[in-house]
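Here's the letter readout for the chains.
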Amino acid sequence: MGLSAGKIVFGEKEGRYLPKIIREPDEENMQIILKACSGKGFDFPANRMAVFGSEPSFHTYTGPYRSISIGYALDPLIRHQAASGGIISAMLIYLLRKQHIQGAVVLGMSKSKPWLTEPFIATTEEEILEAAQSKYIISSVNEILPQIGAFEGKLAYVGLPGQVQSIRILQQMQHPWVRNIEYVFGPFYGNTLHFSSIKSFLKSNGEKDYRQISKLYFRHGEWPGNMRVELLNGKVFQLKKFHANYLIPFHIVKNSLLCTDLTNEFTDVSGGDAWAPVYEERGKGFSMVFGRSAKGEALIRAMEAEKWLSLNPLDLETSIAMHSHGYDLKKRGAFIRMRLMRMLGKETPDYGYRLSGFGISRFLMELVIDSLFLLLGTGMARWLVELLPLSFVGSMFEKSRNIWKKSTKDIKRRQL
Ligand SMILES: Cc1cc2nc3c(=O)[nH]c(=O)nc-3n(C[C@H](O)[C@H](O)[C@H](O)COP(=O)(O)OP(=O)(O)OC[C@H]3O[C@@H](n4cnc5c(N)ncnc54)[C@H](O)[C@@H]3O)c2cc1C
């Protein structure tokens, strides 16, 4: 959409958020669009070599890395304002203050429609902080590619794995609109939700009109934070993050289930939540950080030396165990789902690698999981869950997550 010069738009952002072709792009433009679209595939091994070379360490689950750490921003304001440890916002603010960049491509909330997200180029520290925190509804950072291309000055870019992959393809094509992107950062990525999740959350709280939303947060307050909706009439609905996860099976964007990149493998530096009881109990905000490219690694080391970041090294096996449920979803589940789809004659993305050799029990488990996704995604199931108290549904989902984490804990040792 971002490359189409207005010929492709996203219709109905409060609905299915599907691209709509207004006018057919010309042949040359269409070739570029298709080449840069990561939805149909992205060759992981080839792009790994092109972006990082063979120098960094590598694991199929984590992608290339020079360091793995648990960390946080030492500025309490950044840490508090952010989703996890504030690593991403801190890097952007540091680069801006040092004048290594003049702007940062981030995803904020729309001013005119505060229930929707909006990508923009932040040029001040305040704007970067305003755009901090994760947005779990479907969004399209790369729709501002023309603005990125027209920006005068160097940029840092923040995006989800599919968006980052497109930027990497465009960089290799030497497309003029990405020439000024100096740094590529991104959060880990489990899944995204349709906008229907917001409508459903409101309905569960007895409200019908999402246009009454004045503020929408997904990670408000102390880590791991809360989903929080503020309405124009002063009402506030809030649910802790682990309970708000109940929305996932009912409203997940199905494409998330075909993504095999949990840790944003093609960024210079990526950050996720430091999921482990020892950190979760402490609150405050902790990130897991992957320094990947030489440039990204140099940046976080300089920030550590200048007391911007606290970083404690983490070994590969522990880092994988901390996200075992995420790797199970992306590096086992996604490959089984794609295999099942191909058996049904459906097309699947080509990532240039396939993982296989899973036991029969994992296949059976996948059938159960996928059936649940299909069943819970129906209008009837969504309607039913809206009748139940959120405290009950939320705690049920928190318990399921803990069971899933426990059952996948030794994922690396099982050597797929
Ligand atoms: C959709 C989604 C799914 C995630 N799933 C997981 C997961 O399964 N496991 C896990 O450990 N972590 C996950 N994360 C990452 C986690 O929520 C934090 O974003 C991450 O730890 C970075 O924290 P931080 O404090 O360094 O970031 P912050 O300092 O808060 O900065 C976050 C940056 O990300 C940008 N951003 C936020 N949402 C989006 C978006 N939807 N698209 C593009 N850019 C965005 C913001 O503009 C901001 O610049 C997910 C994040 C998102 C957005």
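About the criteria used
- Residues numbered from 1 in each chain as written.
- Predicted model: local features only at pLDDT ≥ 70, side-chain atom pairs only at ≥ 80, totals over all residues.
- Heavy atoms only, no water.
- Near = heavy atom within 4 Å.
- Polar contact = N/O pair within 3.5 Å; in protein donor to acceptor, adjacent residues only side chain to side chain.
- Areas by Shrake-Rupley, 256 points an atom, 1.4 Å probe, with all protein chains shown as cover.
- Helix = DSSP H or I, 4+ residues; strand = E, 2+ residues; numbered from the N terminus.
- Core = buried A, V, L, I, M, F, W, Y, C linked by side-chain atoms within 4.5 Å.
- Buried < 20%, exposed > 50% of the residue type's maximum accessible area, 1.4 Å probe, protein only.
- Domains from an automatic or database assignment.
- Contact = heavy atoms within 4.5 Å.
- Buried area = accessible area lost by both parts, 1.4 Å probe.
- Salt bridge = Lys/Arg side-chain N within 4 Å of Asp/Glu carboxyl O.
- Nonpolar A, V, L, I, M, F, W, Y, C, P; charged D, E, K, R; others polar.
- Pairing = 2+ DSSP bridges.
- Axes fitted to C-alpha atoms, helices over the stretch in contact; angles between N-to-C directions.

S.K.: Any chance you could explain the site of the ligand here in plain terms?
M.R.: Surrounding the ligand, one finds 33 residues, the nearest of these being Ser84, Gly86, Ser89, Gln133 and Ser134. Backbone polar atom of Ala83 to an oxygen atom of the ligand: 2.8 Å apart, as the coordinates give it. The backbone of Gly85 places a nitrogen or oxygen atom 3.4 Å from an oxygen atom of the ligand. With the chains in place, 96% of the 900 Å² that the ligand exposes on its own is no longer accessible. The set of elements that each furnish at least two residues to the shell around the ligand consists of helix 4 (87-97), strand 6 (103-109) and strand 13 (269-273).

S.K.: What am I meant to see in the nonpolar core here?
M.R.: General note: in soluble globular proteins, nonpolar side chains tend to be found buried as a group. Among the nonpolar cores identified, the biggest contains 54 residues, and Ile70, Val105, Ile148, Tyr157, Tyr279, Met288 and Met322 are the most heavily contacted of them. In terms of domain composition, this core takes at least three residues from each of domain 1 (1-36) and domain 2 (40-416). Grouped together as the second largest cluster of nonpolar side chains are 30 residues, Ile88, Ile128, Ala131 and Val158 included.

S.K.: Could you clarify how one ought to interpret helix 8 (residues 196-204) in this entry?
M.R.: Because an α-helix packs 3.6 residues into every turn, residues spaced three or four apart end up facing the same way. The element helix 8 is largely enclosed, with a buried count of seven among its nine residues. Restricting attention to buried positions, one finds in helix 8 the residues Ser196, Ser197, Ile198, Ser200, Phe201, Leu202 and Ser204. The elements touched by buried residues of helix 8 are strand 10 (213-220), strand 11 (226-231), strand 12 (236-240), helix 10 (247-251), helix 16 (379-387) and helix 17 (390-407). Where helix 8 terminates, the next one or two residues include Gly206, which has phi positive at roughly 85°.

S.K.: Can you walk me through the domain arrangement of the protein chain in this structure?
M.R.: Interfaces are frequently sized by the accessible area removed from exposure as the parts join. Segmentation of the protein chain into domains returns domain 1 (1-36) and domain 2 (40-416). The interface is formed by 13 residues belonging to domain 1 together with 21 residues belonging to domain 2. Surface buried jointly by domain 1 and domain 2 totals about 1,500 Å² across both partners, of which 59% is contributed by carbon and sulfur atoms. When the buried area of domain 1 at its contact with domain 2 is split by residue, Glu14, Tyr17 and Ala36 rank highest and sum to 39% of it. Lys13 serves as the salt-bridge partner of Glu143, at 3.0 Å between the closest nitrogen and oxygen. No other element matches helix 1 (residues 27-36), which puts four residues into the side of domain 1 that touches domain 2. Here the residues of the side of domain 1 that touches domain 2 sort into seven nonpolar, two polar and four charged.

S.K.: What should I look at first to understand the sheet that holds strand 10 in this one?
M.R.: The strands making up a sheet are joined through hydrogen bonds of the backbone, oriented either antiparallel or parallel. Taking strand neighbours across the sheet as the criterion, the three strands line up as 10-11-12 in an open arrangement whose pairing is antiparallel. Of all strands in the sheet, those with a lone pairing partner are strand 10 and strand 12, marking the two edges. Averaged over neighbouring strand pairs, the angle between their axes works out to 5° when direction is ignored. Direction of pairing for strand 11 relative to strand 12: antiparallel, over a ladder of five bridges. Residue Met227 lies in a different strand from strand 12, and its bridge partner there is Leu239. The strands touched by helix 8 are strand 10, strand 11 and strand 12; relative to strand 11, the strand with the most contacts, the crossing angle is about 75°.

S.K.: In this structure, what is going on with the pattern of salt bridges? I would like to understand it.
M.R.: Proximity of charged atoms lets side chains of opposite charge pair with each other. Per the stated rule, a full pass over the model turns up 20 salt bridges. The residue Glu230 makes a salt bridge to Arg228 at a minimum N-O spacing of 2.8 Å. Of the two residues, Glu230 and Arg228, both sit in the buried class. Two residues, Glu366 and Arg362, come together in a salt bridge whose shortest N-O distance is 3.0 Å. Here Glu366 and its partner Arg362 are both found in helix 15 (residues 360-376), four residues apart, which amounts to about one turn of the helix. Glu366 gets classed as buried once you look at its relative accessible area, which sits at 0%. Taken together, the shared-partner salt bridges connect Asp328, Arg332, Arg337, Arg362 and Glu366 into one network.

S.K.: Help me out: how do you make sense of the pairing of strand 10 in this one?
M.R.: When a strand is regular, its side chains alternate between the sheet's two faces. Here strand 10 pairs with strand 11 via five bridges, running antiparallel. By the bridge assignment for strand 11, His220 is matched with Asn226. As consecutive antiparallel partners, strand 10 and strand 11 are separated by five residues, and within that stretch Gly221 has a phi angle of approximately 80°, a positive value.

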